[in-house]
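Residue-level structure breakdown
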Amino acid sequence: MLAQHPLDSDRIKQKAVELGFHKVGIAAADTSEARENSLQSWLGQSYQADMAWMANPKRQDVRSLLPSVRSVICVALNYYTPHDRPAEPQDFELYAEENPSKYPRRYAKISRYGWGKDYHRIMHKKLKALALWLEAQDSAIEARYCSDTAPIQDKVWAERAGLGWIAKNSNLITREYGSWVFLGEVLTNLQITSDRPHLPHCGTCTRCLEACPTEAIVQPFIVDANRCIAYHTIENRAETLPPAIAANLQGWVAGCDICQDVCPWNQRFAQETDVAEFQPYPWNVAPELEAIATLSDAEWDRRFPASALRRIKPNMLRRNARANLEANPPD
Ligand code: B12
Ligand code: SF4
Ligand code: SF4
C-alpha cells in the first residue's frame, strides 16, 4: 500500500481537466453500506430484469477491482449537443387520441447518449491517459480505470466524490451540465484528499416520475428495468416487447430520454459539449420509423459505425420501430 505522496489532489484534478474531462472529484475508497444495501434490495426485487451481470458480487466492493485501492478519482464528460428531435404534430398524443387511425408517428427517437461516437471509446481513451500519467509519477502507484462496463456503481462514486447527486430519476445530475454527462473512474492506491459528497437538489419536484409513460420509476430514486423503455429498447433481446411497453414507446427505438428531458436542471443548465465526437451522426436525430423498421443488416452496419447503438442488434432495432408503428398504425 502507498501512503501519502507529494502528488496532491489539485495536480491530479488539473491533469484530468487538461485531458478534457468536464468535472473531477475524489472519494475515499471505503465502502458505503447504505448504497450496497440499495443495490442488494434492487436486485432482491428483480429490478435488474434479464441483466444477470448486475448481480456480480464484485459490484458490491470496489476492492475487487483493485485490492490496494484507497481513492476513487471520479470524472464526468458532458455530451449534450443542442439538437432537437423533429416535432410530430403539436401534442401528438392528443392528436392520435382524436384521430386514432389517421396519423402514424413518423419519426423514431434515439437517445442523446447514442447520437455520436461511442462514449465508451472516448471515456476509456481519456481515462487510460489519466491512469498511465498517474502510474508514471511513481513506480509504486497503481491505477485502474473504468466506465460503465466494469462492475462498479458509477453514479454512487460520482455522488460521493461531489460531482453531483443521484436524482429521483436515478441519474446523476451536475449543477453545471445537468445529467447529460457520462461517468468514469480511476481507482488508485494513492491516498488523496477527498471531496465532500454532493447534497441532493431534487427538492419537492416529481416531474420525472409523472412523465415516465411506463411508471418505471417505482418510487423516487428507484428504476425497475422491467418497466423501463431504455432497458427494453437496448437490453431486451426477446423477439417481441411486452405489450405494456410496446403500447407506450412514444417513438423511442434506442434508449429513452423522457425523464431527463423533463428535468428542470437539464432544461436550465445543459450546455453544448466541446467533444466533437459527440456531435450526432446526421441520420440519428430524425430517422423515420418506417426506415428503421425495414433497415437491412448491411445498412445498420453502415449507419452506426463506432456507435454505442451497436449494442442494439439490427433485429432489435427493427422490432422496436415495428412496435411503435403497430401502436399507431396508419389507415
Ligand atoms: C444497469 C444500468 C442501466 C439499466 C438500469 C438503470 C438503473 N437506473 O439502474 C438501464 C438499461 C435501464 C439503464 C438505462 C439508462 N442508463 Co444506464 N447504466 C446502468 C449501469 C450499468 C449500472 C447502474 C446500476 O448500478 N444500477 C443498479 C441500481 C441499484 O442502481 P441505481 O438505480 O443507480 O440505484 C441507486 C439509487 O437508487 C441510490 N439511491 C440514491 N438515493 C437514494 C435514496 C433512496 C431513498 C433509496 C432507496 C436509494 C437511493 O441507491 C442505488 C445505489 O445502489 C450504469 C453504469 C455503471 N457501471 O454504474 C449505467 C449508467 C447509470 N447509465 C447511464 C445512462 C446514460 C443511462 C440512460 C440515460 C440511457 C438512455 N438515455 O436510455 C438510461 C437512464 C434510465 C434511468 N432513468 O435510470 C449513465 C448515467 C449517467 C448519469 N449522468 O447518471 C451510466 C452511469 C453509464 C455511464 N458510465 O455514464 N442503465
Ligand atoms: S428512461 Fe424512460 S422509461 Fe425509463 S425511467 Fe426514464 S422515462 Fe421511464
Ligand atoms: S425532474 Fe425533478 S425530481 Fe426528477 S430528477 Fe429532475 S429535479 Fe429531480
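Residues numbered from 1 in each chain as written. Chains lettered and ligands numbered in written order. Predicted model: local features only at pLDDT ≥ 70, side-chain atom pairs only at ≥ 80, totals over all residues.

For helix H4 (residues 119-136), spanning 18 residues, the distance from its first C-alpha to its last is 26 Å, which sits close to the expected 26 Å at 1.5 Å a residue. Within H4 the residues assigned to the buried category are Tyr119, Ile122, Met123, Lys126, Leu127, Leu130, Ala131 and Leu134. Projected down its long axis, H4 shows its buried positions confined to an angular sector of 155°, all on one face. In this structure, H4 carries Lys125, Leu132 and Ala136 as exposed residues pointing more than 90 degrees from its buried face. Lining the buried residues of H4 we find helix H1 (9-18), strand E2 (71-78), strand E4 (143-146) and strand E7 (181-188). (Helix = DSSP H or I, 4+ residues; strand = E, 2+ residues; numbered from the N terminus. Expected span 1.5 Å × (residues − 1). Buried ≥ 20, exposed ≤ 12 C-beta atoms within 10 Å, placed from the backbone. Arc of directions from axis to C-beta. Contact = placed C-beta atoms within 7 Å.)

Quick look at the domain arrangement of the chain now. Here the chain is partitioned into domain 1 (9-79 + 117-188) and domain 2 (92-116 + 203-327). Distance from the C-alpha centre of domain 1 to the C-alpha centre of domain 2: 25 Å. On the side of domain 2, 32 residues touch domain 1, which itself brings 28 residues to the contact. Mapped onto the side of domain 1 that touches domain 2, the elements with two or more residues apiece are E2 and H4. Examining the composition of the side of domain 1 that touches domain 2, we find that four residues originate from one element, H4, more than from any other. Among the residues making up the side of domain 1 that touches domain 2, the classes are represented as 12 nonpolar, nine polar and seven charged. (Domains from an automatic or database assignment. Nonpolar A, V, L, I, M, F, W, Y, C, P; charged D, E, K, R; others polar.)

Spatial ordering of the open sheet is given by E1-E2-E7-E4, a layout of four strands whose pairing is antiparallel. The open sheet has two edge strands, strand E1 (23-28) and E4, and neither has a second partner. Each adjacent strand pair in this sheet contributes to an overall mean axis angle of 20°, direction not counted. As defined by bridge partners, E2 adjoins E7 across eight bridges and the pair is classed as antiparallel. Pairing of valine 75 across the sheet is with glycine 184, part of E7. Helix-sheet contacts for H1 involve E1 and E2, and the interaxial angle to E1 is about 140°. Of the strands in this sheet, E2, E4 and E7 touch H4, which is tilted by about 25° from E7. (Pairing = 2+ DSSP bridges. Axes fitted to C-alpha atoms, helices over the stretch in contact; angles between N-to-C directions.)

To continue, consider unusual backbone geometry. Notably, alanine 49 is not glycine yet its phi reads approximately 50°, a positive angle. Of note, alanine 49 is situated in the loop between helix H2 (33-44) and E2. A positive phi angle, close to 55°, is found at glutamine 250, a residue other than glycine.

What follows is about the environment of aspartate 8. One can find aspartate 8 in the segment before H1. Residue aspartate 8 is classed as exposed on the basis of its 12 C-beta neighbours within 10 Å.

Near ligand 2 you find Asn169, Cys212, Thr214, Ala216, Ile217, Val223, Cys228, Ile229, Ala230, Cys256, Ile258 and Cys259, and these make up its full shell. For the shell around ligand 2, the elements supplying multiple residues, two or more each, are helix H7 (229-234) and helix H9 (258-261). Class assignment for the residues of the shell around ligand 2 results in 10 nonpolar, two polar and no charged. (Near = placed C-beta within 6 Å.)

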